[in-house]
Amino acid sequence: MQTLNSIGVISKVSTNKIVIEIPDTNKINYNFHGDLYICEGINSFVTIYKSLHQKFIYQIINLAELEKPFDNVEEESKFYNKAYFEAIPIGEIKGDNFKFGLSKFPMIGNDVYLTDFLDMDLIFKIEDNIPALTLGLLASHEYYSPKFSLDKLLSNHMCVLGNTGSGKSTTVRKLLNEIILTAEEFSLDINSANFIIFDVHDEYDNLPDKASTITDVLKDISIPLDTLSPDDWINLVQPASAVQLPILMNGLRLANLIENNEASFCDWVKAYCALELYNNVHTEVVGKRTKIVSLLQNITDPTIKSILTRYSSQYGNFQGYDEQVFIDAIKSFIRNKSTYHYEDCSELILSLLESSNSKVSQLKNLELGIEMTFLFEESKGNSQVRSYCSTLMTRISNLIASYSKSMFDNDQQKINNFNQVCKFDKGFTLFKVASLENKDLLFFTSYVLKIIYNNQKEQRSRNNKQVNSLYHFIFDEAHKYITESDNDFYNSIKIFEQIAKEGRKFGIFMFLASQRPGELSKTVLSQCNNFILHRIRSNVDLEQMRRSIPYISDSQLQRISYLITGSALLVGEAFSVPMEIIIKGEDYGYPSSTLLPSNVWGAFSKETD
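These notes cover the structure that comes with them.

1. Observations concerning the overall build of the chain
In terms of helices and strands, the chain carries 20 helices and 21 strands. Relative to the 2.2 N^0.38 estimate, which gives 25 Å for 609 residues, the radius of gyration of the chain is 34 Å and therefore markedly larger than a compact globule would have. Projecting the C-alpha coordinates of the chain onto the three principal axes gives extents of approximately 125 × 70 × 55 Å. For the chain, buried positions account for 50% of its 609 residues. Across the chain, every contact between residues at least 6 apart in sequence was considered, and the portion connecting residues at least 24 apart equals 71%. Approximately 29500 Å² of the chain is accessible, and the part contributed by carbon and sulfur atoms is 48%. Here the chain contributes 59 positively and 75 negatively charged side chains, and the mean placements of these two sets differ by 4 Å.

This is how it looks when you write it as structure tokens:
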């Protein structure tokens, strides 16, 4: 490019930016070899020539105008205005190759040019035979639509972040449809892809039927409870304290024992607890009697039923020899039903608990198992255990009421439907989870993620550390459930953090869409390598992004707060340079469009007339 097309010269150089002195702002736009070059200011790319075969590429981030003294002393005015542009380093071109980042830097006095079209092609170069897609136009060069390698985009964890109304959901839908179009263009089988979408707002069901399976979690499928691991139960039940967690675990083990033993198991355990209460708990005697009677009232032993009638409801005690009769009757009952003496039952129950697992097939059995756990604790004198676990029992009761006939229904057909869906026969498997609360979202998403993770681990061990399938999980509104854990005793999102750190080698990648990055797990966010950033204005969210995204500069971070709806900053491994683009998502924005009062109220008025 000829020197006369230079827009200015470098007046200051540092490692993170340069200052360009612009002598005449009227001459920064020009025609060269028939192409019109226009400086659009901020975000425009500029070039500094190191040699014929090496060039430095910078991007303008700031414009300023300062007064400078005239050199010509005959002029009446002693000052004139001169423009200055600040630009940050992007990369360098050597021969026909562009590389992000600079190994050397330009010198003061070097001429600066607008980046020509050939160099723009090198910056965004994608080989012809490489599957690639596009999302929109460069904000600073609306004639230029950069392409991105499908392989680089989908071989890293990714985030799409942006406040509500900024275009985040439209971008996700645009991206998914571009993936389908790219697969068709390059004759790839889209049904070999495994995109698993958790749709929180019913916004992603416009995918082609031939490439997608849509499942309503509460209507179409049922999860077999006996497939849940202890971590799954923790995520489902959400025990709130150090007391509730061991109660839940022991309740699961007891529920497993109840399901795998004859009915008499519960009877002799209740009898044992009743005698333990009588012998060891020295609380208010009438209240103690009430608990003992409630434990024994359904036991069919005639001796126990007879002696209970002489257990004084007024004084909470026995008269004369009745107490010994009561004790002997219970010991005899325990001996007959368990074949063990009363004195050996404590050790026996501990041994049974150690040998049992957390496999439970019905929620009501878990409730019964926890009730028995309470009895054991109360028989040891822990009279406060029920009050400490009141929220735990409320949660379990709510699960029984909400999901016994839906997500945890024992209907074999719905269980078969779930197993069929988990074969992931089509490219996109969409779970409609709009009806799930945040805690239930955490359970369901982590449960499905763990299924795939375990399958991929098994496949990798069989195939000499190679996997032959890839999975991409799309977590919509991820801030609702992939949050920073505040529990000191367990980490409810550890499967997400494990996948964030290790998922690549097992062929599992996460795609998080969120409007509150400040609430996302810091571990998960820090492991993402591709970011599509829409408008975000919260200082908390911006600060979290500053800490978690290594590719972003302070000027770009400030710019995010003022992005218009539909525009986004793209940074990460899949993007040759950080770039601001305008998403071409007109065809995909309707599910997220804002309802306008003037339209809704007008429509309502017409209906009522």
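2. Things to note about the pattern of salt bridges
Side chains that differ in charge, positive against negative, can pair when their charged atoms come close. Applying the stated criterion across every chain, the model contains 24 salt bridges. Residue Glu543 pairs with Arg546 through a salt bridge whose shortest N-O separation is 3.3 Å. Residue Glu543 and its partner Arg546 are both found in helix α18 (residues 539-548); the two are separated by three residues, about one turn of the helix. Residue classification places Glu543 among the partly exposed positions, given a relative accessible area of 30%. Arg559 is paired through a salt bridge with Glu580; the nearest N and O atoms lie 2.8 Å apart. In this pair, Arg559 is assigned in helix α19 (residues 554-560) and Glu580 in strand β21 (residues 579-583), connecting sequence segments 21 residues apart. For Arg559, a relative accessible area of 32% translates into the label partly exposed.

3. So, the nonpolar core
If you look at soluble globular proteins, the nonpolar side chains tend to sit buried side by side. Counting 81 residues, the largest nonpolar core has Phe444 and Phe475 as the members making the most contacts within it. Here this core takes nine residues from helix α15 (residues 438-462), the largest share from any one element. Apart from residues lying up to four places away in sequence, Phe475 is in contact with Phe198, Thr445, Leu449, Tyr481, Ile482, Phe496, Met510, Phe511, Leu512 and Ala513. Within the second largest apolar cluster, 46 residues are counted, among which are Phe98, Phe148, Leu175 and Ala513.

4. Describing the pairing of strand β20 (residues 567-572)
For β20, a buried count of six out of six residues is recorded, marking the element as mostly surrounded by other parts of the structure. The alternating pattern of β20 places Ser567, Leu569 and Val571 on one face and Ala568, Leu570 and Gly572 on the opposite face, and all of these are buried. With four bridges connecting them, strand β19 (residues 530-533) and β20 associate as antiparallel partners. If you follow Ile532 over to β20, its bridge partner there is Leu570. Two strands pair when backbone bridges link them, and β20 and β21 are joined in this way by four bridges, in the antiparallel orientation. Bridge pairing in β21 links Leu570 to Met579.

5. A word on the environment of Glu142
Inspection of the secondary structure puts Glu142 in the loop between β11 (136-138) and β12 (147-149). Along the chain, Glu142 and Asn529 lie 387 residues apart, while their C-alpha atoms are 26 Å from each other.

6. Here we look at the sheet that holds β21
Here ten strands make up an open sheet; going across it, the order is β11-β21-β20-β19-β13-β18-β17-β14-β16-β15 and the pairing mixed. Edge positions in the sheet fall to β11 and β15 (212-216), since each has one partner strand and no second. The mean inter-strand angle of the sheet, taken between neighbouring strand axes irrespective of direction, is 20 degrees.

7. Structural notes on the layout of surface pockets
As a volume, the largest pocket reaches approximately 490 Å³. For the largest pocket, the lining is made up of 25 residues, of which Ile123, Lys152, Glu573, Phe575 and Ser576 are closest to its centre. Going through the elements one at a time, β8 (97-100), α1 (117-123), β12 and β20 are the ones with two or more residues in the lining of the largest pocket. Considered class by class, the residues forming the lining of the largest pocket number 15 nonpolar, four polar and six charged.

8. Some words on empty space enclosed by the protein
One pass over the full model with this rule turns up one cavity of 30 Å³ or more. Taken as a whole, the largest cavity spans an internal volume of roughly 50 Å³. Lining the largest cavity are Leu153, Leu154, Asn156, Met158, Phe195, His472, Phe509, Met510 and Phe511. With three residues, the top contributor of residues to the lining of the largest cavity is strand β18 (residues 508-514). The class makeup of the residues in the lining of the largest cavity is seven nonpolar, two polar and no charged.

9. Brief notes about unusual backbone geometry
At Asp202, a position not held by glycine, the phi torsion is positive, near 55 degrees. Within the secondary structure layout, Asp202 lies in the loop between β14 (195-199) and β15. Phi at Gln238 is positive, roughly 55 degrees, even though this residue is not glycine.

10. So, the packing of helix α6 (residues 264-280) against helix α9 (residues 322-338)
Between two packed helices, what matters for the description is the angle formed by their axes and the separation of those axes. Remark: α6 packs on α9, axes separated minimally by 9 Å, with the N-to-C direction vectors making an angle of 150 degrees. One finds that α6 runs roughly antiparallel with respect to α9. By crossing handedness, the relation of α6 to α9 is classed as left-handed. Along the contact surface, α6 presents Ser264, Asp267, Trp268, Ala271, Tyr272, Leu275, Tyr278 and Asn279, while α9 presents Glu323, Phe326, Ile327, Ile330, Lys331, Phe333, Ile334, Lys337 and Ser338. A breakdown of the residues in the contact of α6 with α9 according to their chemical character gives ten nonpolar, three polar and four charged.

11. Brief notes about the pairing of strand β16 (residues 428-432)
Taken across its five residues, β16 has five buried, putting it largely inside the fold. Residues of β16 alternate between two faces, with Phe428, Leu430 and Lys432 on one and Thr429 and Phe431 on the opposite face, all of them buried. Pairing of β14 with β16, which is carried by five bridges, proceeds in the parallel orientation. Residue pairing across strands places Phe195 opposite Phe428, the latter belonging to β16. Summarising the sheet, β15 and β16 pair through five bridges and their orientation is parallel.

12. Some words on the side chain of Gln59
Residue placement: Gln59 occurs in strand β6 (residues 54-69). One polar contact links the side chain of Gln59 to the main-chain carbonyl oxygen of Asn43, over a distance of 3.0 Å. Discounting residues that sit within four places of it in the chain, Gln59 has contacts with Asn43, Ser44, Phe45, Glu86, Ala87, Ile88, Ile90 and Pro578.

What counts, and at which threshold
Starting afresh in each chain, residues are numbered from 1 along the sequence in its written order. At least 70 in pLDDT is required for a residue's local features to be given in this predicted model, at least 80 for side-chain atom pairs to be given and counted, and no such filter applies to totals for whole chains, interfaces and linings, which use all residues. In computing side-chain values, all of the structure's heavy atoms are included and hydrogens and water are not. Secondary structure follows DSSP: runs of H or I at least 4 residues long count as helices, runs of E at least 2 residues long count as strands, and numbering of each begins at the N terminus. For a compact globule the rule gives 2.2 Å times the number of residues to the power 0.38, and the radius of gyration it is set against comes from C-alpha atoms. Buried means the residue's accessible area, taken with a 1.4 Å probe over protein chains only, is under 20% of the maximum for its type, while exposed means over 50%, and partly exposed covers the values in between. In this description, contact between two residues means that some pair of their heavy atoms is separated by no more than 4.5 Å. Here the Shrake-Rupley method, with its probe set to 1.4 Å, supplies the accessible areas, and only the displayed protein chains count as covering residues. Only four residue types enter the charge count: Lys and Arg as positive, Asp and Glu as negative, with His and the chain ends excluded. By convention, the point assigned to a charge is CZ for Arg, NZ for Lys, CD for Glu and CG for Asp. Throughout this description, the term salt bridge denotes a Lys or Arg side-chain nitrogen within 4 Å of a carboxyl oxygen of Asp or Glu. Only buried residues count toward a nonpolar core. Its members are Ala, Val, Leu, Ile, Met, Phe, Trp, Tyr and Cys residues joined through side-chain atoms within 4.5 Å. Here a strand pair is declared whenever DSSP counts at least two bridges between the two strands. For every element, the axis is a line fit to its C-alpha atoms; helices are fit only across the contacting stretch, and the angle between N-to-C directions ranges from 0 to 180 degrees. In this analysis a 1.4 Å probe is tested at points of a 1 Å grid over the protein atoms alone, and where it fits but cannot get out there is a cavity; an open set with protein on both sides within 12 Å along at least five of seven lines is a pocket; lining residues have an atom within 4 Å of a point. Grid points are joined across faces, edges and corners, and a volume is the space filled by probe spheres set on the points. Ten residues, namely Ala, Val, Leu, Ile, Met, Phe, Trp, Tyr, Cys and Pro, are considered nonpolar, four, namely Asp, Glu, Lys and Arg, are considered charged, and the remaining ones, Gly among them, are considered polar. We call two directions roughly parallel when the angle between them is under 35 degrees, roughly antiparallel when it is over 145, roughly perpendicular when it lies between 65 and 115, and oblique otherwise. Crossings are classed by handedness, with left-handed meaning an anticlockwise turn of the near helix from the far one by less than a right angle and right-handed meaning a clockwise turn. Under this definition, polar contacts are N or O atom pairs within 3.5 Å; protein pairs additionally need one hydrogen-donor-capable and one acceptor-capable atom, and for neighbouring residues in sequence, both atoms have to be side-chain atoms.

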